[in-house]
Amino acid sequence: MNYVDGFVVPVPTANLAAYRKMARRAGKIWREHGALEYVECLGDDVAPGKLTSFPQAVKLKDGETVVFSWIVYKSRRDRDRINKKVMADPRLADMMDPKQLPFDGKRMFWGGFKVLVEA
């Protein structure tokens, strides 16, 4: 079974073009280093819930859009190896500076997941 890293981040709608450019570059680099799949999605039907929701989880503000993303790997071992290479890749250096990001990285959340069902 594959292994998946999942991410959720609030992106100011005015910064979506810059975010898309950054995500395309990051996706290309992750794939070059061995990721099987790299996907970034814009929230379309993510209304606030009564107890919890994507907007509540990132403390979504007016003028922001929720982005849900995932990267697929063959295994956690592959993920750890690939992420080590990606984090050392000089082409991503500017994306490691929180001041250069087109979103508030403090409200981003992520985690690694073992695949339970793959249909």
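Preceding this paragraph is the structure being described.
Residue indices follow the written sequence of each chain, beginning from 1 at its first position. Where local features are concerned, this predicted model is filtered to residues with pLDDT of at least 70; where side-chain atom pairs are given and counted, the filter is 80 or more; whole-chain, interface and lining totals use all residues. In computing side-chain properties, one takes all heavy atoms of the structure into account and sets aside hydrogens as well as water.

So, about unusual backbone geometry. Excluding glycine, residues mostly have negative phi values, and the peptide bonds linking residues are mostly trans. At K59, a position not held by glycine, the phi torsion is positive, near 55 degrees. Segments assigned H or I by DSSP are reported as helices when at least four residues long, segments assigned E as strands when at least two residues long, and all are numbered from the N terminus. Here K59 lies in the loop between α2 (54–57) and β3 (64–73). With relative accessibility at 62%, the residue K59 sits in the exposed group. A simple rule labels every residue: compare its accessible area, found with a 1.4 Å probe on the protein chains alone, to the largest value its type can have, and call it buried under 20%, exposed over 50%, or partly exposed in between.

So, on to the pattern of salt bridges. A side chain of one charge can pair with a side chain of the opposite charge if their charged atoms are brought near each other. Within this document, salt bridges are pairs made up of a side-chain nitrogen of Lys or Arg and a carboxyl oxygen of Asp or Glu, the two lying within 4 Å of each other. Per the stated rule, a full pass over the model turns up 9 salt bridges. Put simply, D89 and R91 hold a salt bridge, and the shortest N to O gap is 2.8 Å. Salt bridges sharing common partners tie together D5, R76, R79 and D80.

Once that is clear, we can look at the side chain of R107. Position of R107 relative to the elements: it lies in the loop between α3 (76–88) and β4 (109–114). Residue classification places R107 among the buried residues on the basis of a relative accessible area of 12%. Definition of a polar contact: a pair of N or O atoms within 3.5 Å, with one able to donate and the other able to accept a hydrogen when the atoms are protein atoms, and with sequence-neighbouring residues admitted only if both atoms are side-chain atoms. Side-chain polar atoms of R107 contact the backbone oxygen of V58, separated by 3.0 Å.

An expected span of 1.5 Å times one less than the residue number is assigned to each helix. Spanning 13 residues, α3 covers 18 Å between terminal C-alpha atoms, matching the ideal 18 Å at 1.5 Å per step. Those residues of α3 that fall on the buried side of the exposure criterion are D78, R79, I82, N83 and V86. Down the axis of α3, the buried side of the element spans an arc of 125 degrees, and every buried residue falls inside it. Exposed side chains of α3 directed beyond 90 degrees from the buried face belong to R77, K84 and A88. Contacts are assigned to residue pairs with any non-hydrogen atoms lying within 4.5 Å of each other. At its buried positions, α3 is contacted by β1 (3–12), α1 (16–32), β3 and β4. As used here, the arc is the angular range of directions from the helix axis to the C-beta atoms.

In this scheme, strands are said to pair when DSSP sees at least two bridges between them. In space, the 4 strands of this open sheet follow the order β2-β3-β1-β4, with antiparallel pairing throughout. Strands at the two margins of the open sheet, each flanked by one partner only, are β2 (37–42) and β4. Neighbour to neighbour, the strand axes of the sheet diverge by 15 degrees on average, direction disregarded. With 6 bridges joining them, β1 and β4 adopt antiparallel strand pairing. Residue pairing across strands places G6 opposite G111, the latter belonging to β4. Only C-alpha atoms enter the line fits that serve as axes; for helices the fit covers just the stretch in contact. Angles between N-to-C directions range over 0 to 180 degrees. Packing against the sheet, α1 makes contact with β1, β2 and β3, and its axis sits at approximately 165 degrees to β2.

Two measures describe an aromatic ring pair: the distance that separates the ring centres and the angle between the ring planes. Each Phe, Tyr or Trp ring, with Trp reduced to its six-membered ring, pairs with another whose centre is within 6.5 Å; inter-plane angles below 30 degrees give stacked pairs, above 60 give edge-to-face pairs, and intermediate values give tilted ones. One pass over the full model with this rule turns up 4 aromatic pairs. Seen from their ring centres, Y19 and F103 are 5.7 Å apart, and the 70 degrees between their planes marks the pair as edge-to-face. With Y19 in helix α1 and F103 in the loop between α3 and β4, this residue pair connects regions lying 84 residues apart in the sequence. Between F54 and F68, the ring centres sit 5.7 Å apart and the planes meet at 55 degrees, which makes this aromatic pair tilted. On the criterion of sequence distance, the pair formed by F54 in helix α2 and F68 in strand β3 is long-range, its members being 14 residues apart. The exposure class of F54 is partly exposed, given its relative accessible area of 35%. The rings of F54, F68 and W70 are connected pair by pair, giving a single aromatic cluster.

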